[in-house]
Amino acid sequence: MRFSLVDSGIFQHTLDLSCSLLWPKSKMASTVKVAVRMRPLNEREKILNSKVIVTMNPETTFLQDPKSTRPPKPFHFDHSFWSMDKSKEQYASQEMVYEKLGMDVLDNAIEGYNACIFAYGQTGSGKSYSMMGSSSEPGIIPRLCTALFDKISAMSETQSNITFKVEVSYMEIYNEKVRDLLGGQSQ
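Residues numbered from 1 in each chain as written. Predicted model: local features only at pLDDT ≥ 70, side-chain atom pairs only at ≥ 80, totals over all residues. Heavy atoms only, no water.

**Student:** Go over the side chain of Ser80 with me, naming the residues and quoting the values.
**Tutor:** In this structure, Ser80 sits in strand 6 (residues 79-82). A polar side-chain atom of Ser80 sits 3.4 Å from the main-chain amide nitrogen of Thr60. Among the polar contacts made by the side chain of Ser80, one reaches the side chain of Thr61 at a distance of 2.8 Å. Apart from the residues lying within four places of it in its own chain, the contact partners of Ser80 are Val36, Met56, Asn57, Pro58, Glu59, Thr60 and Thr61. (Helix = DSSP H or I, 4+ residues; strand = E, 2+ residues; numbered from the N terminus. Polar contact = N/O pair within 3.5 Å; in protein donor to acceptor, adjacent residues only side chain to side chain. Contact = heavy atoms within 4.5 Å.)

**Student:** Account for the sheet that holds strand 4 (residues 60-63), with residues named and values stated.
**Tutor:** With respect to topology, 3 strands assemble into an open sheet ordered 3-4-5, the strand pairing being antiparallel. The two strands at the open ends of the sheet, each matched to only one other strand, are strand 3 (54-57) and strand 5 (73-76). Taking each pair of neighbouring strands and ignoring which way they run, the sheet shows an average axis angle of 25°. Here 4 bridges tie strand 4 to strand 5, and the two strands are oriented antiparallel to one another. Looking at strand 5, one finds that Thr60 is bridged to His76. (Pairing = 2+ DSSP bridges. Axes fitted to C-alpha atoms, helices over the stretch in contact; angles between N-to-C directions.)

**Student:** Lay out the pairing of strand 4 with the relevant residues and their values.
**Tutor:** Relative to strand 4, strand 3 runs antiparallel, the two sharing 4 bridges. For Val54, the partnering residue across the bridge sits in strand 4 and is Leu63. Remark: 2 residues form the turn of the hairpin made by strand 3 and strand 4, two consecutive strands paired antiparallel.

**Student:** Break down the nonpolar core for me, with residues and values.
**Tutor:** A general trend in soluble globular proteins is that nonpolar side chains are found buried together. Core analysis: the biggest nonpolar cluster contains 13 residues, and Phe81, Val97, Tyr98, Leu101, Leu106 and Leu144 have the highest contact counts within it. Listed by contribution, the elements that provide at least two residues to this core are helix 2 (94-110) and helix 4 (140-158). Residues contacting Tyr98, with those up to four places away along its chain left out, are Met103, Leu106, Ile140, Arg143, Leu144 and Ala147. Leu41, Ile53, Leu63 and Trp82 belong to the second largest nonpolar core, which has 10 residues in total. (Core = buried A, V, L, I, M, F, W, Y, C linked by side-chain atoms within 4.5 Å. Buried < 20%, exposed > 50% of the residue type's maximum accessible area, 1.4 Å probe, protein only.)

**Student:** How would you explain the packing of helix 2 against helix 4 if you had to name every residue and give the values?
**Tutor:** Where helix 2 contacts helix 4, the axes come no closer than 9 Å and their chain directions differ by 40°. By the angle between their axes, helix 2 is oblique relative to helix 4. Here the hand of the crossing between helix 2 and helix 4 comes out right-handed. On helix 4, the residues touching Gln94, Glu95, Val97, Tyr98, Gly102, Val105, Leu106, Asp107 and Ile110 of helix 2 are Ile140, Arg143, Leu144, Ala147, Leu148, Lys151 and Met155. Of the residues assigned to the contact of helix 2 with helix 4, the class counts are 10 nonpolar, 2 polar and 4 charged. (Parallel < 35°, antiparallel > 145°, perpendicular 65-115°, else oblique. Left-handed = near helix turned anticlockwise from the far one by under 90°. Nonpolar A, V, L, I, M, F, W, Y, C, P; charged D, E, K, R; others polar.)

Structural data, given as structure tokens:
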């Protein structure tokens with residue numbers, strides 16, 4: 001659920017932009033949420049002594065050109081998730097990202113709407129971690145699936161006349177080739 005926001009020069013390894021495409025609960029509800037998540041520096045970036053040029057508050061991401069004395073440039077999003085250091089108060093955990101983005105997808109799916117989470121970014125930008133996570137820190141997809149089937153189970157117990165149909169696609173587009181990550185087919 002991440003997008004690489006800037007794809008050039010000094011910014012290319014620092015930002016991931018997340019987007020949940022939601023069918024609204026009402027005609028007045030927003031249909032798209034856009035979020036940025038900053039991942040920790042990887043080992044290569046640490047070895048190169050890469051400078052962190054990004055700061056965040058909950059809805060704004062600031063980029064500082066290290067070659068400039070001008071103030072940082074602000075970019076406004078629905079959410080800005082800072083995930084650089086788990087020991088810091090502003091750290092955005094997998095749970096927080098799911099609560100802010102995945103729960104709306106779940107609510108819309110339960111209401112019968114199609115729901116989509118779109119992740120885009122360069123290799124190594126953290127898309128897989130945000131989407132799948134790890135066994136100790138599950139990402140959006142495992143949390144969403146668990147919650148979806150828990151809700152279906154609870155609704156089935158109280159409402160015997162309801163039927164459910166769940167269809168899921170999980171695809172990757174890499175080098176202009178589409179691969180079904182659930183079935184392994186390339187096109």
